[in-house]
Amino acid sequence: MATWHCVKHCGACCHLDPRDRPDLADYLTPDELTLYLSLVGEDGWCIHFDSTNRECRIYSSRPRFCRVEPDVFQDLYSIEPDELSDFAIDCCQQQIEGVYGDRSLELLRFQREIGDWGTN
Ligand code: SF4
Ligand code: SF4
C-alpha cells in the first residue's frame, strides 16, 4: 500500500500559478489568499522556490498552506487524519502531472518512492 511522503527535489506544488488553482478562495482564509498571491512569481513559481535545487528557501517557516500535516489538511480540506495519505498522494500526482507531465520522470519517481505503481 502506498504511503505518502514528499519526494525530494520535486517541487511541483511550489508552482503556484492561481490559474491552475481556481478554488483557492474556497479553502484559504482571506489573509492566506493574500499571502499566497504575494508569493506567485512572474513565471508562476513561488518566489521562495530555488529552481536549481528544487527546494524551498524558507522551508522551516513556510506558510500553513504549504504543509502536509494532519491538522492543516483537516482544517483546509476537511480531510480526516486517516485519509491524509491517500488524499495527499492524489494532490501530489495531479500537481506533478500538471507541472511536469503525466509521463514525466518526476511522476515516475514519486510513484516509485511512495510505493504506488499506478494500479489504482
Ligand atoms: S508535489 Fe508532492 S512530492 Fe512534489 S514537492 Fe510537493 S509535496 Fe513534495
Ligand atoms: S513557501 Fe516554500 S514550500 Fe511554499 S510554495 Fe514557496 S517554495 Fe514551496
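Use the structure listed above.
About the cut-offs
Residues numbered from 1 in each chain as written. Chains lettered and ligands numbered in written order. Predicted model: local features only at pLDDT ≥ 70, side-chain atom pairs only at ≥ 80, totals over all residues. Near = placed C-beta within 6 Å. Nonpolar A, V, L, I, M, F, W, Y, C, P; charged D, E, K, R; others polar. Helix = DSSP H or I, 4+ residues; strand = E, 2+ residues; numbered from the N terminus. Axes fitted to C-alpha atoms, helices over the stretch in contact; angles between N-to-C directions. Parallel < 35°, antiparallel > 145°, perpendicular 65-115°, else oblique. Left-handed = near helix turned anticlockwise from the far one by under 90°. Contact = placed C-beta atoms within 7 Å. Core = buried A, V, L, I, M, F, W, Y, C linked by C-beta atoms within 7 Å. Buried ≥ 20, exposed ≤ 12 C-beta atoms within 10 Å, placed from the backbone. Arc of directions from axis to C-beta.

On to the site of ligand 2. Every residue close to ligand 2 is listed here: Cys14, Leu16, Leu39, Cys46, His48, Phe49, Cys56, Ile58, Arg62, Pro63 and Cys66. Looking at the shell around ligand 2 residue by residue, the class counts come to nine nonpolar, one polar and one charged.

With that settled, consider the site of ligand 1. Around ligand 1 sit Cys6, Val7, Cys10, Gly11, Ala12, Cys13, Val68, Cys92, Gln95, Ile96 and Phe110, and those are all the residues in its vicinity. For the shell around ligand 1, the leading source of residues is helix H4 (residues 84-100), giving three residues.

Before going further, it helps to spend a moment on the packing of H4 against helix H5 (residues 105-114). The interhelical angle for the contact between H4 and H5, taken along N-to-C directions, is 160°, at an axis separation of 9 Å. By the angle class used here, H4 and H5 are roughly antiparallel. Handedness of the H4/H5 crossing: right-handed. Of H5, the residues touching H4 (which contributes Ile89, Cys92, Gln93, Ile96, Glu97 and Tyr100) are Glu106, Leu107, Phe110 and Ile114. Taken together, the residues of the contact of H4 with H5 sort by class into seven nonpolar, one polar and two charged.

One can find Thr29 in the loop between helix H1 (24-27) and helix H2 (30-39). It is 9.1 Å that separates the C-alpha atoms of Thr29 and Leu76, two residues lying 47 residues apart in sequence.

This next bit is on the nonpolar core. If you look at the biggest cluster of nonpolar residues, it comprises 15 residues, and the most contacted ones within it are Ala12, Cys14, Cys92, Ile96 and Phe110. Elements represented by at least two residues in this core include exactly H4 and H5. Per element, the largest residue contribution to this core is five residues, and it comes from H4.

Right, let's get into H5. Helical geometry note: an α-helix holds 3.6 residues per turn, so side chains three or four residues apart project in the same direction. Within the span of H5, buried status applies to Glu106, Leu107, Phe110 and Ile114. Down the axis of H5, the buried side of the element spans an arc of 100°, and every buried residue falls inside it. Projecting away from the buried face of H5 at angles above 90 degrees are the exposed residues Leu105 and Arg112. Phi turns positive, to about 85°, at Gly115, one or two residues after H5.

One can find Ile96 in helix H4. When the 24 C-beta atoms within 10 Å are taken as the criterion, Ile96 is described as buried. Linking Ile96 and Cys13, residues 83 residues apart in sequence, is a C-alpha distance of 7.5 Å. Setting aside anything within four residues of it in sequence, one finds Ile96 in contact with Cys10, Ala12, Ser104, Glu106, Leu107 and Phe110.

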